[in-house]
Amino acid sequence: MNIWLVMLLGGLITFLIRFSFIYLFGRFEIPETIRKALHYVPPAVLSAIVFPELFLRDGTLNVSLENTSLLAGLVAILVAWFTKNTLITIIAGMVALFLLQFFL
Amino acid sequence: MSEKIKNFLAGARAEIPLLIGVFPFGMIYGALALNAGLSKAAAQGMSATVFAGSAQFITAQLVHENTPGFVIVLTIAVVNLRHMLYSASLAPYIASLSTRWKALLSYLLTDEAYAPTIIHYEKQGITPYAHWFWLGAGFTLWFNWQVSTALGIFLGTAIPESWSLDFALPLTFIAMVVPVLKNQPAIAAALSAGVVALIAYSLPYRLGLILAALVGIAAGTLLEGRKSSGRMLSPKGML
């Protein structure tokens, strides 16, 4: 699929989601279970992307000191936990990766 | 000054503190999207069409991994589903507006526009021009998102390729997900999704991602249901 088509479809769907209940007001309510479930979308989706990036090297599991991405990722997780700051987390992770690749 | 303009400017003003976080975020997006292999036009175009920070970062990452288009579109849909909550929450306040107004305000309904707008409505109730506040907040965010994306794209072209910037995308996701892990159900959602993503990684079309997300969402929801009846434990979606 062409990237522009992906973006247009993605944009259209995003718009329809935002428009949904504003348009349907008075005709339909969000069921309680769905309302609850929506809160877990961010942790679930983001972890599903992050885990393979950290744990897999060339498609296979690599939990060792050689896996610099995993180590740098753990540093970033700690920094994110204590600072809650996006920019500082990214910089700390990049510096950690650079140093690990240099020394290990 | 007319009431419309007054409300518009009040909305714009309420948005300013949020821009401190949004502006660098937009710049990082612009630079990383370019690095992930999107053209300059596509990177900027996505800020106008999709207009949703986390979904745009994720799309850049998926493009970088040569993910099939339909999986990317599906992922964007899952990631942005939370906006249904905002839509439902603000719907009663603009029930009497024309469909054209409703469509315009819906397009501008991001996390960062929702926050000041719902606070305004809860304080002031429905006033004749309150929707101009929403427009002011939404437009201010939209404008800054486009400008910061452009700046990021501009800076991105100056960053040498040897810097292995592709790792900055997963780092961005770490920065987004960690603060959300405030309670057991959220942590369970993250861990179960992560583990399933590893196990299901070799599924075709990267469908493992969608499967992992659904398992994580289910795990969090089930755990919350068991732990509490009625009490809100959920993390606030601040993405």
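Computed from a predicted structure; not experimentally measured.

**Let's talk about the overall build of chain B**
Across its full length, chain B holds 11 helices and zero strands. The secondary structure elements of chain B, listed N-terminal to C-terminal, are α-α-α-α-α-α-α-α-α-α-α. Its C-alpha radius of gyration of 19 Å places chain B within 12% of the 18 Å reference for a compact globule of 239 residues. Over its C-alpha atoms, taken along the principal directions, chain B stretches across nearly 60 × 50 × 30 Å. Counting all 239 residues of chain B, 55% fall into the buried class. Partitioning the intrachain contacts of chain B with sequence separation of at least 6 by distance along the chain shows that 79% fall at a separation of at least 24.

**Quick look at the overall build of chain A**
Looking only at helices and strands, chain A has five helices and two strands in total. What you see in chain A, going N to C, is helices and strands ordered as α-α-α-β-β-α-α. Computed over its C-alpha atoms, the radius of gyration of chain A comes to 20 Å, more than 25% above the 13 Å expected for a compact globule of 104 residues. In terms of its C-alpha atoms, chain A occupies a principal-axis envelope of roughly 60 × 35 × 25 Å. The burial tally for chain A puts 46% of its 104 residues in the buried class. In chain A, 28% of the contacts between residues at least 6 apart in sequence involve partners at least 24 apart. Across chain A, the mean location of the 6 positive side-chain charges is 14 Å away from that of the 5 negative side-chain charges.

**What about the interface of chain B and chain A?**
Tallying the contact residues gives 84 residues for chain B and 60 residues for chain A. Together, the buried faces of chain B and chain A total about 6,400 Å²; carbon and sulfur atoms form 82% of this surface. Put simply, chain B and chain A have zero salt bridges between them. Taken together, the connections running from chain B to chain A amount to 10 residue pairs in polar contact (both at pLDDT 80 or more). Of all the elements, helix H10 (residues 184-199) of chain B adds the most residues to the side of chain B that touches chain A, at 10 residues. Each residue belonging to the side of chain B that touches chain A can be placed in one class, and the counts come to 62 nonpolar, 18 polar and four charged.

**Some words on the environment of B:Lys6**
Within the secondary structure layout, B:Lys6 lies in helix H1 (residues 3-35). A sequence separation of 130 residues divides B:Lys6 from B:Gly136, and the C-alpha atoms of the two residues are 9.6 Å apart.

**Regarding the side chain of B:Asn7**
Residue and element names in this part refer to chain B. Residue placement: Asn7 occurs in helix H1. For Asn7, a relative accessible area of 11% puts it in the buried group. Every residue in contact with Asn7, bar those within four places of it in the chain, is listed here: His120, Tyr129, Ala130, Trp132 and Phe133.

**Section: H10(B)**
Residues and elements named next belong to chain B. A rise of 1.5 Å per residue sets the reference length of H10, with its 16 residues, at 22 Å; its end C-alpha atoms lie 22 Å apart and thus fit the reference within 8%. Burial in H10 covers these residues: Pro185, Ala186, Ala189, Ala190, Ala193, Gly194, Val196, Ala197 and Leu198. Structurally, the start of H10 carries an N-cap: the backbone nitrogen of Ala186 is 3.0 Å from a side-chain oxygen of Asn183.

**Description of the packing of aromatic side chains**
Residue and element names in this part refer to chain B. Within the structure shown, the criterion is met by 16 aromatic pairs over all chains. Consider the rings of Tyr86 and Tyr114, whose centres lie 4.3 Å apart with planes at 15 degrees: the pair is stacked. Here Tyr114 lies in helix H7 (residues 111-124) and Tyr86 lies in helix H5 (residues 83-90), a separation of 28 residues in the sequence. A relative accessible area of 17% places Tyr114 in the buried class.

What counts, and at which threshold
Residues numbered from 1 in each chain as written. Chains lettered and ligands numbered in written order. Predicted model: local features only at pLDDT ≥ 70, side-chain atom pairs only at ≥ 80, totals over all residues. Heavy atoms only, no water. Helix = DSSP H or I, 4+ residues; strand = E, 2+ residues; numbered from the N terminus. Rg over C-alpha atoms; globule rule 2.2 N^0.38 Å. Buried < 20%, exposed > 50% of the residue type's maximum accessible area, 1.4 Å probe, protein only. Contact = heavy atoms within 4.5 Å. Lys, Arg positive; Asp, Glu negative; His and termini not counted. Charge placed at Lys NZ, Arg CZ, Asp CG, Glu CD. Buried area = accessible area lost by both parts, 1.4 Å probe. Salt bridge = Lys/Arg side-chain N within 4 Å of Asp/Glu carboxyl O. Polar contact = N/O pair within 3.5 Å; in protein donor to acceptor, adjacent residues only side chain to side chain. Nonpolar A, V, L, I, M, F, W, Y, C, P; charged D, E, K, R; others polar. Expected span 1.5 Å × (residues − 1). Phe/Tyr/Trp six-rings, centres within 6.5 Å; stacked < 30°, edge-to-face > 60°.

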